[in-house]
Amino acid sequence: MSVVNLRECMLRVKWSPAFCAQRFKRINVQRPKAPHFERAKYLALLRPQFKEDPSEYLPPSLKCRKKQELEKNTVREENPFEKILAKEMFDLFEKSKLVAFLHRNPILGEDEFQAKIKFKRENMDIRVYSRHTAKLAFEGTRYEPVLKLFVTHNSLVLSDEPNVAKLMQILKKIPQYILLAAIVDNRLLSVSQLETYVRLKDLTTARAQFAAVLNNAAQNVVMRLNQQQTTLITRLQQIVDAKSNSESSKT
């Protein structure tokens, strides 16, 4: 007799549970007593059997569905509004003398609003653009290297004046924003280079110092050229004075 027939025969038999009261005995729920051999046979026979899923034995690299989701998201539909934002982003980069790239950590809405106020007081504008918008704006242009700074959405600080010192002062008060790099006067600078740039003086003062150095060098050259002539004149004058003094003493 097969197992299936035996199971059907056992299911047709009417079974009525029998209750037996036991005193002075505590049932161990965590470690129950093993059933009788006959009962254990019936329990094993009546245990439900399900069809095994072959995907359970596959490695995790094949069971992961993230790869399929990423493949679906590789093809993006053209968005006219995103093209408008890309053109606006490129125009802002062209006319701004200072463009700072920031990484934004989780920040409260109130703190973000206060940060915008601080930047606005220094004539700076903070904006957020996605990587896809930046790719539409800068691909094939001279700004293409900055695409490596865009991961998902990055914050940008734009200003018409290269006021790097004010930018660094504001960012010290807002730890949620981390400075990655900046474009100052059409030059991409790292954070260390920006710190060096802050220690430098403005262009007018630097030009004045450079002109003073050039004038000092020219004066040194003229003085060295005239030094021998001046020494010769001084010596001759001393000789003439000595002769005049000797003649006056004789008379």
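Residues numbered from 1 in each chain as written. Predicted model: local features only at pLDDT ≥ 70, side-chain atom pairs only at ≥ 80, totals over all residues. Heavy atoms only, no water.

- Going by the annotation in an unreviewed UniProt entry, the name recorded for the chain is Large ribosomal subunit protein uL10m, with Rhynocoris fuscipes given as the source organism.
- Per its UniProt entry, the chain bears the Sequence similarities (unreviewed entry) comment "Belongs to the universal ribosomal protein uL10 family." (UniProt positions renumbered as here; feature names shortened; annotations may be inferred.)

## So, the overall build of the chain
Moving on, step 1. The helix and strand tally for the chain stands at 10 helices and five strands.
Moving on, step 2. The burial tally for the chain puts 19% of its 251 residues in the buried class.
Moving on, step 3. Put simply, of all contacts in the chain between residues at least 6 apart along the chain, 78% involve residues at least 24 apart. (Helix = DSSP H or I, 4+ residues; strand = E, 2+ residues; numbered from the N terminus. Buried < 20%, exposed > 50% of the residue type's maximum accessible area, 1.4 Å probe, protein only. Contact = heavy atoms within 4.5 Å.)

## Thoughts on the nonpolar core
Moving on, step 1. Ranked by size, the top nonpolar core spans 21 residues in total, and within it F119, V157, L167 and Y177 carry the most contacts.
Moving on, step 2. Elements with a minimum of two residues in this core: β1 (98-104), α6 (109-121), β2 (124-130), α8 (164-173) and β4 (177-184).
Moving on, step 3. In terms of residue count, the dominant contributor to this core is α8 (five residues).
Moving on, step 4. Filtering out sequence-adjacent residues up to four positions away, Y177 remains in contact with L102, H103, R104, I107, E112, A115, I126, S155 and L171.
Moving on, step 5. Of all hydrophobic cores here, the second largest spans 17 residues; its members include A86, V99, A134 and I183. (Core = buried A, V, L, I, M, F, W, Y, C linked by side-chain atoms within 4.5 Å.)

## Concerning the pattern of salt bridges
As a working rule, side chains carrying opposite charge can pair if their charged atoms are close by.
Moving on, step 1. All told, the structure shown has seven salt bridges when counted by the stated rule.
Moving on, step 2. Note that E112 and R104 form a salt bridge whose closest N and O atoms lie 3.0 Å from each other.
Moving on, step 3. Its salt-bridge partner being D125, residue R127 comes within 2.8 Å of it at the nearest N-O pair.
Moving on, step 4. Residue R127 is classed as partly exposed on the basis of its relative accessible area, which comes to 27%.
Moving on, step 5. Several salt bridges share partner residues, and in doing so they unite E88, D125 and R127 into one network. (Salt bridge = Lys/Arg side-chain N within 4 Å of Asp/Glu carboxyl O.)

## Details of unusual backbone geometry
Moving on, step 1. One non-glycine residue, N123, lies in the positive phi region at around 60°.
Moving on, step 2. With respect to the element layout, N123 can be found in the loop between α6 and β2.

## Overview of the side chain of S130
Moving on, step 1. For S130, the location among the structural elements is in strand β2.
Moving on, step 2. Within the structure, the side chain of S130 is placed 2.9 Å from the side chain of T133, a separation counted as a polar contact.
Moving on, step 3. Every residue in contact with S130, bar those within four places of it in the chain, is listed here: E82, F150, T152 and H153. (Polar contact = N/O pair within 3.5 Å; in protein donor to acceptor, adjacent residues only side chain to side chain.)

## Details of the pairing of β4
The two faces of a sheet get side chains in turn, since along a regular strand they alternate between them.
Moving on, step 1. Counting buried residues in β4 gives six out of eight residues, a clear majority hidden from the surface.
Moving on, step 2. Across seven bridges, the pairing between β1 and β4 is antiparallel. Within the sheet, the bridge partner assigned to V99 lies in β4 and is I183.
Moving on, step 3. Between β4 and strand β5 (residues 187-189), which follow one another and run antiparallel, lie two residues, and D185 among them has a positive phi close to 55°. (Pairing = 2+ DSSP bridges.)

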